[in-house]
Amino acid sequence: MQPYRRQVELLCTIAGISQTLAAVILAEVGADMGRFRTAGHLASWAGMCPGNYESAGKSKPGRTRHGDSWLKGALGMAASSASRSKNTYLNAQYRRLVPHRGKKRALVAVGHSILVAIWHMLAHDIPYQDLGPDHFTARINAERRAHRLLAELSKLGYEVTTQPRHETA
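Note that this is a predicted model, so its numbers are computed, not measured.

Caption draft 1: The packing of aromatic side chains, seen in detail. One pass over the full model with this rule turns up one aromatic pair. Seen from their ring centres, Phe36 and Trp45 are 5.5 Å apart, and the 50° between their planes marks the pair as tilted.

Caption draft 2: Representation of helix α4 (residues 69-83) within the structure. Between the first and last C-alpha of α4 there are 21 Å, a value that for 15 residues agrees with the 21 Å anticipated at 1.5 Å per step. Regarding α4, the residues found buried are Leu71, Ala74, Leu75, Ala78, Ala79, Ala82 and Ser83. The buried side chains of α4 occupy one side of the element, clustering within an arc of 165° when seen end-on. In α4, the exposed positions angled more than 90 degrees off the buried face are occupied by Ser69, Trp70 and Met77. Where the residues of α4 are buried, they touch α2 (19-29), α3 (39-46), α5 (89-101) and α6 (103-124). Capping the start of α4 is the job of one residue whose side-chain oxygen sits 3.2 Å from the backbone nitrogen of Trp70: Asp68.

Caption draft 3: Up close: the pattern of salt bridges. A complete count under the given rule lists three salt bridges for this structure. Close ionic contact of Asp125 with Arg6 constitutes a salt bridge, the shortest N to O distance being 3.4 Å. Of this pair, Asp125 sits in the loop between α6 and α7 (135-138) while Arg6 sits in helix α1 (residues 5-11), and the two are 119 residues apart along the sequence. The partly exposed category is assigned to Asp125, whose relative accessible area is 44%. As a salt-bridge pair, Arg148 and Glu152 come within 2.8 Å of each other at their nearest N and O atoms. Linking Arg148 with Glu152, this pair stays in helix α8 (residues 142-155), spanning four residues, or about one helical turn. Classification of Arg148 by relative accessible area gives partly exposed; the value is 42%.

Caption draft 4: Region of interest: the environment of Leu90. Positionally, Leu90 belongs in helix α5. Taking the C-alpha atoms as reference, Leu90 lies 9.7 Å from Leu107; in sequence the two are 17 residues apart. Leave out the neighbours within four places in its chain, and Leu90 touches Ile14, Ala15, Ala82, Val110, Ser113, Ile114, Tyr128 and Asp130.

Caption draft 5: Representation of the layout of surface pockets in the model. The computed volume of the largest pocket comes to approximately 360 Å³. Around the largest pocket, the lining is made up of 15 residues, and of these Pro50, Gly51, Arg101, Arg105 and Val108 lie nearest the centre. Elements represented by at least two residues in the lining of the largest pocket include exactly α5 and α6. Taken together, the residues of the lining of the largest pocket break down into seven nonpolar, four polar and four charged. One number sums up the size of the second largest pocket: a volume of about 240 Å³. Ser113, Ala117, Tyr128, Gln129 and Leu131 are, among the 13 residues lining the second largest pocket, the residues nearest its centre. At the level of elements, α5 and α6 are the ones that each hand at least two residues to the lining of the second largest pocket. Looking at side-chain class alone, the lining of the second largest pocket contains nine nonpolar, three polar and one charged residues.

So, how was this worked out
Residues numbered from 1 in each chain as written. Predicted model: local features only at pLDDT ≥ 70, side-chain atom pairs only at ≥ 80, totals over all residues. Heavy atoms only, no water. Phe/Tyr/Trp six-rings, centres within 6.5 Å; stacked < 30°, edge-to-face > 60°. Helix = DSSP H or I, 4+ residues; strand = E, 2+ residues; numbered from the N terminus. Expected span 1.5 Å × (residues − 1). Buried < 20%, exposed > 50% of the residue type's maximum accessible area, 1.4 Å probe, protein only. Arc of directions from axis to C-beta. Contact = heavy atoms within 4.5 Å. Polar contact = N/O pair within 3.5 Å; in protein donor to acceptor, adjacent residues only side chain to side chain. Salt bridge = Lys/Arg side-chain N within 4 Å of Asp/Glu carboxyl O. 1 Å grid on protein atoms, 1.4 Å probe; cavity = no way out; pocket = protein on both sides within 12 Å on 5 of 7 lines; lining within 4 Å. Points joined across faces, edges and corners; volume = space filled by probe spheres on them. Nonpolar A, V, L, I, M, F, W, Y, C, P; charged D, E, K, R; others polar.

So this is what it looks like as structure tokens:
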């Protein structure tokens, strides 16, 4: 693994990926991302893309594709570790998906996100940049969120008046 030391160091910046997992990922995918035009092509080749099953115009739950079983196993282990890490984007993504999709599907989604990050890191030779645990809540407009929360309280039978807080320096 000596010639790939830089790539292993890059991959180890992702939460949930150890040096052993980085070695497995590099052994299966390789260090040259020129073979895959986009991150989606890599995810499709690896079998970590969402299934696409449609019948009679209705989208139905699909299975992931058959792909590289060793890579899928390594990404599953990385996703499991990343979902238990604290204050990371991957943990926030896992916690956001579990109530609606279930634990296993959430792990596949986190593994997909890790694989997309790996493609970008190896293609552009940049370290992993975590988006943070508040990525999903910070992108919502504060006014819209306040209005929604007030509407929920009024549905519960509360009458609420609000006043913006004035910050003093």
